[in-house]
Amino acid sequence: YGVQTGRFLYGSEIKSLLAFPGFEKKFNARALDSYVSFEYVVPPETFFEGVYALMPSHYLWYRDGKVETHRYWEPKFAPDESMTEEQAVSAIEKVFEESVAAHKISDVEVGCFLSSGVDSSYVSTYFAGQKTFTVGFDYGDRYNEIDFAKDLSEKIGLEHHYKVISADEYWGNIRKVQYHMDQPLADASCIALYFVSKIASEYVKVVLSGEGADELFGGYNIYRDPFTAQWYDRLPPWLRGGLGAAAGLLPPGPGVNFLVRRGCPLEERYFGPTALMTEREKRRLLADYEGDGDPMFLTEALWDSTEGLDPVSRMQQVDINLWLAGDILLKADKMSMAHSLELRVPFLDRRVLAVALGLPRQYRCTARRGKIALRAAAARRLPRALATNPKRGFPVPLADWLRQDEYYARVKAKFTGPVAERFFDTGALCALLDDHRAGKTNAMTKIWAFYCFIEWYEVYFAEQKPPIL
């Protein structure tokens with residue numbers, strides 16, 4: 001939404017505002033700071049000057065030329081410590097079965113996305129005789145979950161459809177994906193989601209997916225951080241801080257990284273060194289960085305609002321507000337609707353959320369495992385080996401592609417082009433790319449963030465028409 005020439009404009013996509021007669025399109029440089037920290041633009045800011053995103057669970061008043069926004073609801077963890085593990089697992093099983101049944105109600109056939117993870121696999125067990133959809137890459141078993149999905153589909157009686165994405169297809173659709181996203185998103189799995197939505201749209205109009213399970217039930221590896229190296233955390237804070245500051249002056253490495261991370265309190269470990277780029281890297285890579293994009297500035301209020309909760313719950317609650325809304329659900333919505341496919345997320349039903357918010361921490365995450373109660377519930381419908389599969393994310397062979405001549409040259413051309421010259425230190429960008437190619441470091445996520453931004457900027461600010469859809 002935004003106000004231009006006394007008119008209040010709003011829509012479900014930024015591109016609908018850009019089509020308004022006389023809309024003045026200006027680039028918002030402030031958003032670049034948060035983008036290179038989080039890999040997406042943290043709302044309410046957008047990359048378009050004067051255009052804002054209405055935050056989740058907020059409403060807006062426009063009166064007398066002024067905009068006011070108010071929050072009407074906020075999810076908060078309130079663990080019931082009297083709950084037993086059996087009660088937790090049974091509660092998840094019951095409420096999730098009801099949620100899937102409700103989300104399958106439709107006038108048209110409903111399908112299901114399927115990967116090797118426990119989340120979508122659990123959803124798929126309610127689809128016997130119906131269709132599931134998977135994509136993988138023509139780049140070895142490490143980047144291809146199709147065989148797993150086919151095996152599971154055969155075991156539980158699913159009609160399985162899949163697509164193998166070639167490198168040329170992946171790279172050939174980056175521009176199109178950035179157009180549909182409205183704003184740059186440096187999540188490499190976004191393009192894979194574009195393809196799985198495309199194949200699903202050829203068979204069904206509605207699909208169910210597993211988004212939200214990690215944030216609600218404790219699935220990310222970072223949630224195990226408070227339980228590791230507790231012996232080191234018992235050292236005085238001043239000593240840990242001093243060792244971390246000294247280590248920060250050394251080249252990165254396993255021991256150095258440990259000292260840097262453990263020299264910070266949990267909040268800083270979570271949002272500081274774990275951000276896409278450090279403040280030092282931003283000063284080196286961004287042409288006009290003013291030093292006000294520290295992710296701590298953006299997360300401080302959210303983190304403070306979780307005071308009194310255990311460390312895992314604090315991280316989960318922040319992720320529900322930031323990562324889930326800003327990346328996970330955004331790409332799911334944009335990539336599915338790019339193919340007129342309706343995507344539904346049964347893990348994010350309000351009744352499932354209520355159960356998740358009441359789970360004791362030890363049934364969500366421990367030092368060794370995540371999603372403990374959820375995996376146990378899934379094991380009642382899945383083979384136990386599948387229910388306990390470690391989290392893989394959506395593997396994309398991007399790091400390997402960037403070391404190949406064709407794709408290295410493609411990125412190098414962008415890193416030395418006019419957009420890069422305007423916003424970044426092109427010499428530093430090329431050095432980052434060269435170090436990655438030589439195997440000195442794995443800079444895939446950083447390289448991808450810059451490349452996606454340049455592709456997006458060219459679509460929305462340097463071209464006269466969108467890519468051919």
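Scroll up to find the structure.
Just so it is clear, the model here is predicted, and its values are computed rather than measured. The residue count restarts for each chain, going from 1 along the sequence in the order it is written. Two thresholds apply to this predicted model, a pLDDT of at least 70 for residue-level local features and 80 or more for giving and counting side-chain atom pairs, whereas whole-chain, interface and lining totals are computed over all residues. The side-chain values count all of the structure's non-hydrogen atoms but skip hydrogen atoms and water molecules.

Visitor: Hey, could you run me through the environment of Tyr460 in this one?
Guide: Relative to the helices and strands, Tyr460 resides in helix H25 (residues 444-462). Linking Tyr460 and Asp405, residues 55 residues apart in sequence, is a C-alpha distance of 28 Å. We call two residues in contact when some of their heavy atoms are within 4.5 Å. Once residues lying within four places of it in the same chain are set aside, the contact partners of Tyr460 are Lys15, Leu18, Lys25, Phe48, Gln178, Tyr179 and Asp182. Separated by 3.2 Å, the side chains of Tyr460 and Asp182 make a polar contact. Strands here mean DSSP runs of E at least two residues long; helices mean DSSP runs of H or I at least four residues long; both are numbered from the N terminus. In protein, a polar contact requires one atom able to donate a hydrogen and another able to accept it; more generally it is a pair of N or O atoms within 3.5 Å, and residues adjacent in sequence count only if both atoms are side-chain atoms.

Visitor: So what exactly am I meant to see when it comes to the sheet that holds strand E8 (residues 206-208) here?
Guide: By way of backbone hydrogen bonds, the strands of a sheet pair with one another, either parallel or antiparallel. As summarised here, the arrangement of the five strands in space is E7-E6-E5-E8-E9, forming an open sheet in which the pairing is parallel. For this open sheet the edge positions go to strand E7 (159-165) and strand E9 (342-344), each flanked by a neighbour on one side alone. Within this sheet the neighbouring strands show an average axis-to-axis angle of 30°, counted without direction. By this definition, two strands are paired if DSSP reports at least two bridges between them. In the sheet, strand E6 (residues 131-137) pairs with E7 via seven bridges, with the strands oriented parallel. Paired with Thr134 across the two strands is Tyr162, which belongs to E7. Packing against the sheet, helix H5 (residues 146-156) makes contact with E6 and E7, and its axis sits at approximately 175° to E7. In this analysis, axes come from line fits to C-alpha atoms, helices being fitted only over the stretch in contact, and the angle between any two N-to-C directions falls in the range 0 to 180 degrees.

Visitor: Explanation requested: the packing of aromatic side chains in the structure shown.
Guide: By convention here, two paired aromatic rings are described through the distance between centres and the angle between planes. Pairing of aromatic side chains here covers Phe, Tyr and the six-membered ring of Trp, requires ring centres within 6.5 Å, and sorts the geometry by plane angle: under 30 degrees stacked, over 60 edge-to-face, intermediate tilted. Counting across every chain of the model gives 52 aromatic pairs. With 6.5 Å between their ring centres and 65° between their planes, Trp171 and Trp401 make a pair best called edge-to-face. Taken together, the residues span a long stretch of sequence, with Trp171 in helix H6 (residues 167-172) and Trp401 in helix H21 (residues 398-401) at a distance of 230 residues. For the pair shown, Trp171 and Trp401 are each scored as buried. Buried, partly exposed and exposed residues are distinguished by accessible area as a fraction of the type maximum, computed with a 1.4 Å probe on protein chains only: under 20%, between the cut-offs, and over 50%, respectively.

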